[in-house]
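# Survey of secondary and tertiary structure
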Amino acid sequence: MSKPSSSPVLRFAPSPNGRLHLGHAYSALVTWNAARLLGGTALLRIEDIDAERSKPEFVTAIAEDLTWLGLDWPEPVMQQSHRMAVYADAGNHLRAQGLLYPCFCSRSEIAAAAMATDPDGAPLYPGTCRHLDRGTQIERLERGDPVQFRLDAEAATARTGMLTFTAVGPLVTDRPQVRYARPERWGDVVLQRKGTPTSYHLSVVVDDAAQGVTHVTRGRDMEAATDIHVLLQMLLGLPSPIYHFHRLILDDEGKKLSKSKGSQSLADLRAIGWTPADVRRAVGL
Ligand code: GLU
């Protein structure tokens, strides 16, 4: 699945569910700067597995905004919505190892039963369906009940043993450090659901390997999720890239910028006269 690469490969992987804002611009600029420093290539990847929220006009807008910032990338651009069969294969690989199980719990049932939270602060899945008997599983699947497929974290980590990954920072050229991954703090994460053979976690590890990505540059808000990615890489026999977690661009109230909170987009800033140099200055690059 992985492509051997002689020079560093990095990627910027936005989801096309809104216009890019200063946080994205910072992440993209960090990625392209790192690629230049390392003598490698920066790729663009469109993470559009969420069919409801992803819109083709945002895919076009991403390319427009990055070009305006002075960034370029090799074509063709990988678009995750075109790769469902590849993700289904990866899911089957985990299924064949007995590591995926069907879960029929609703969000509210999980919230009511959860005793703890995951690193993102969401209710930690309490494992309700982990040991459902085979008969009940088949009956509910045949009935067409809404279903998600979860990774049995305990069984998975029993198989892999202790997991580590390599991170560099604060600069991408800093000396690599070995870190421990603790995927069990996420519980049994959802990797597939009815009608969608993938999740963010599954697609991201499959695609980083397929594209020969050697360095993943992502915000610190994604640092904890890397635990799950390292576990999946091990289970799927994929190489683990070097990780670089960059700082986040915060708003005046110290909160992370977000499309849903209506943070000003790059297009808004451009419309009021900002230049790419203004963007770089605003994010400190
Ligand atoms: N697609 C993810 C996002 O827009 C980031 C991808 C990653 O770094 O793994 O937040």
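Everything that follows concerns the structure shown earlier in this document.
In short, a report on the structure. Everything quoted here is computed from the prediction, not taken from an experiment.

## Quick word on the packing of helix α3 (residues 84–96) against helix α7 (residues 200–210)
At a closest axis distance of 10 Å, the pairing of α3 and α7 adopts a crossing angle of 105°. Here α7 runs roughly perpendicular to α3, going by the angle between their axes. Residues Val86, Tyr87, Ala90, Gly91 and Leu94 of α3 form the contact with α7, whose participating residues are Leu202, Ser203, Val206 and Asp207. Per-class residue counts for the contact of α3 with α7 are six nonpolar, two polar and one charged.

## Structural notes on α7
The buried fraction of α7 amounts to nine of the 11 residues, a majority that puts the element mostly inside the structure. For α7, the full list of buried residues reads His201, Leu202, Ser203, Val204, Val205, Val206, Asp207, Asp208 and Ala209. Positive backbone phi, at 65°, marks Gly212, one or two positions downstream of α7.

## What to know about the pattern of salt bridges
Counting across every chain of the model gives 16 salt bridges. Measuring nitrogen to oxygen at the nearest pair gives 2.8 Å for the salt bridge that ties Arg140 to Asp145. Notably, a salt bridge pairs Asp221 with Lys256, separated by 2.7 Å at the nearest N-O pair. With a gap of 35 residues between them, Asp221 in the loop between β9 (215–219) and α8 (226–236) and Lys256 in the loop between β10 (242–246) and α9 (266–271) connect regions that are remote in the sequence. The class of Lys256 is partly exposed, set by a relative accessible area of 40%. Where salt bridges share partners, they join Arg11, Arg45, Glu47 and Asp208 into one cluster.

## What to know about the sheet that holds strand β5 (residues 148–151)
As summarised here, the arrangement of the three strands in space is β4-β5-β8, forming an open sheet in which the pairing is antiparallel. Lying at the two open borders of the sheet, with one neighbouring strand each, are β4 (100–103) and β8 (190–193). Sheet twist, expressed as the average angle between the axes of neighbouring strands with direction ignored, equals 30°. Bridge analysis of β5 against β8 gives three bridges, and the strand direction is antiparallel. Residue Arg150 lies in a different strand from β8, and its bridge partner there is Val190.

Calculation rules
Residues numbered from 1 in each chain as written. Predicted model: local features only at pLDDT ≥ 70, side-chain atom pairs only at ≥ 80, totals over all residues. Heavy atoms only, no water. Axes fitted to C-alpha atoms, helices over the stretch in contact; angles between N-to-C directions. Helix = DSSP H or I, 4+ residues; strand = E, 2+ residues; numbered from the N terminus. Parallel < 35°, antiparallel > 145°, perpendicular 65-115°, else oblique. Contact = heavy atoms within 4.5 Å. Nonpolar A, V, L, I, M, F, W, Y, C, P; charged D, E, K, R; others polar. Buried < 20%, exposed > 50% of the residue type's maximum accessible area, 1.4 Å probe, protein only. Salt bridge = Lys/Arg side-chain N within 4 Å of Asp/Glu carboxyl O. Pairing = 2+ DSSP bridges.

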